[in-house]
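One letter stands for each residue in the lines below.
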Amino acid sequence: MLMMKCTQATYLMSKETEGPLTKKERFGLWLHNIYCVHCRRFRASITLLKRVLTTKSVKTAFDDVEVTERLTESTKAKIKDALKS
Amino acid sequence: MPSPSDVVKGFVDTYGDILFNFARSRVSQIDVAEDLVQETYIAALKGWEKFSGNSSEKTWLIGILKHKIYDHYKKSKREVPESHLQKNSENDGIMDYFFGDNGYWKMSPGYMNETPESEMNDKQLAKWIKDCITKLPEKFRIPFILKEIDEMDSDIVCKDCEITATNLWVILHRSRLQLRECLSTVWNKEGV
């Protein structure tokens, strides 16, 4: 049986955060991670990353947007038209 | 004494671009973003009496917009088409950067402590992460933000971004590879 490659193993570890893997996937990954310290580290760091991304400070940082595009004057006028008292 | 209608019309000039850019950060279609901004202002006018002034006008308007965006996703009944984004076709260079031709890591991903050793405070780290996410490829950014920051359900993200579940996993995976790297450079004191 061919050993799983890191490209596949890392993909499965990522996929696993979204839902359970198949038995075959889980076994292949388990076997790969016995030997691969790099992929074990990767798994720990994406767990960490997922947690960090849902902290309040990150969510707040995303509430502030840079204005890179502007509404056209006609769109603004159209919106104002829709605002009847 | 200006009428509520006049006040909210004023908000269109003051905050219109901000709301539009926020909508564009969550929704890729320009016309949909414009509609959502319009719906936000209409709702703001309806709810003007109830606005207590506890938060700033900007925060209040963005709050309404977020609800409109979420409602939009829930209503989105588009059939997910045969996607143009195949598993390995997008050569964004991300996989090649981290893995050799043989499929193994080129360099060891560094070890990251549970808590950051970095001297950055939470706010600075958050800004760093946001900048890293902004550097993600265009097609990855919105699905990633919706899923990982806004914590939306996968099926809603897939429907709105018109991608399959597999596409989403691939996008999340490649984005995480890039972000993990970006984060690790500031997480540990010595860097990795």
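Presented here is a report on the structure given in the accompanying data block. No experiment lies behind these values; they were computed from the predicted model shown. (Residues numbered from 1 in each chain as written. Chains lettered and ligands numbered in written order. Predicted model: local features only at pLDDT ≥ 70, side-chain atom pairs only at ≥ 80, totals over all residues. Heavy atoms only, no water.)

### Re the overall build of chain A
Argument step 1. Counting its secondary structure elements, chain A contains five helices and zero strands.
Argument step 2. N-terminal to C-terminal, the α/β element order of chain A is α-α-α-α-α.
Argument step 3. In terms of C-alpha radius of gyration, chain A reaches 23 Å, well past the compact-globule figure of 12 Å for 85 residues.
Argument step 4. Within chain A, the fraction of its 85 residues that count as buried is 38%.
Argument step 5. Long-range contacts, defined as pairs at least 24 residues apart, comprise 53% of the intrachain contacts of chain A with a sequence gap of at least 6.
Argument step 6. Between the centroid of the 17 positive side chains of chain A and the centroid of its 9 negative side chains there is a distance of 11 Å. (Helix = DSSP H or I, 4+ residues; strand = E, 2+ residues; numbered from the N terminus. Rg over C-alpha atoms; globule rule 2.2 N^0.38 Å. Buried < 20%, exposed > 50% of the residue type's maximum accessible area, 1.4 Å probe, protein only. Contact = heavy atoms within 4.5 Å. Lys, Arg positive; Asp, Glu negative; His and termini not counted. Charge placed at Lys NZ, Arg CZ, Asp CG, Glu CD.)

### Structural notes on the interface of chain B and chain A
Argument step 1. Taken residue by residue, the interface counts 62 residues in chain B and 47 residues in chain A.
Argument step 2. On inspection of chain B and its partner chain A, the count reaches 10 salt bridges.
Argument step 3. Salt-bridge contacts for B:R176 lead to A:E18; the nearest nitrogen and oxygen are separated by 2.8 Å.
Argument step 4. Summed over the shared surface of chain B and chain A, the result is 25 residue pairs in polar contact (both at pLDDT 80 or more). (Salt bridge = Lys/Arg side-chain N within 4 Å of Asp/Glu carboxyl O. Polar contact = N/O pair within 3.5 Å; in protein donor to acceptor, adjacent residues only side chain to side chain.)

### Some words on a nonpolar patch on the surface
Argument step 1. Taken together, the side chains of A:M3, A:F27, A:W30, A:I34, A:Y35 and B:Y104 present a nonpolar region at the surface, about 670 Å² in accessible area.
Argument step 2. Structurally, the position occupied by B:Y104 is in the loop between α4 (94-98) and α5 (122-134).
Argument step 3. In this structure B:Y104 comes out as partly exposed when scored by relative accessible area, which is 34%. (Patch = residues over 30% accessible without salt bridge, like charges linked within 9 Å, V, L, I, M, F, W, Y side chains within 5 Å. Areas by Shrake-Rupley, 256 points an atom, 1.4 Å probe, with all protein chains shown as cover.)

### Some thoughts on the state of the cysteines
Argument step 1. Summed over all chains, the structure comprises one disulfide over all chains.
Argument step 2. Just so you know, A:C6 is unpaired, no disulfide at all, and the nearest cysteine sulfur is the one on A:C36, 3.8 Å from it.
Argument step 3. Just so you know, B:C158 is unpaired, no disulfide at all, and the nearest cysteine sulfur is the one on B:C161, 7.8 Å from it.
Argument step 4. You can call B:C158 buried: its relative accessible area is 8%. (Disulfide = S-S within 2.5 Å.)

### Quick look at the side chain of A:E25
Argument step 1. Relative to the helices and strands, A:E25 is located in helix α2 (residues 23-35).
Argument step 2. For A:E25, a relative accessible area of 18% corresponds to the buried category.

### Some words on the nonpolar core
Argument step 1. Ranked by size, the top nonpolar core spans 80 residues in total, and within it B:V37, B:Y41, B:L61, B:W105, B:I133 and B:L177 carry the most contacts.
Argument step 2. Examining the composition of this core, we find that 10 residues originate from one element, helix α8 (residues 165-187) of chain B, more than from any other.
Argument step 3. Leaving out residues up to four positions away in the same chain, B:V37 has contacts with A:L71, A:I79, B:L19, B:F20, B:A23 and B:L65. (Core = buried A, V, L, I, M, F, W, Y, C linked by side-chain atoms within 4.5 Å.)

### A few points about the environment of B:V170
Argument step 1. Within the secondary structure, B:V170 sits in helix α8.
Argument step 2. A C-alpha to C-alpha distance of 23 Å links B:V170 and B:K74, two positions 96 residues apart in sequence.

### Points about unusual backbone geometry
Residue and element names in this part refer to chain B.
Argument step 1. Residue E151 is not a glycine yet carries a positive backbone phi of 55°.
Argument step 2. Note on placement: E151 falls in the loop between α6 (138-149) and α7 (154-161).
Argument step 3. If you check the backbone angles, E162 has positive phi at about 55° while not being a glycine.
Argument step 4. Mapping E162 onto the fold places it in the loop between α7 and α8.

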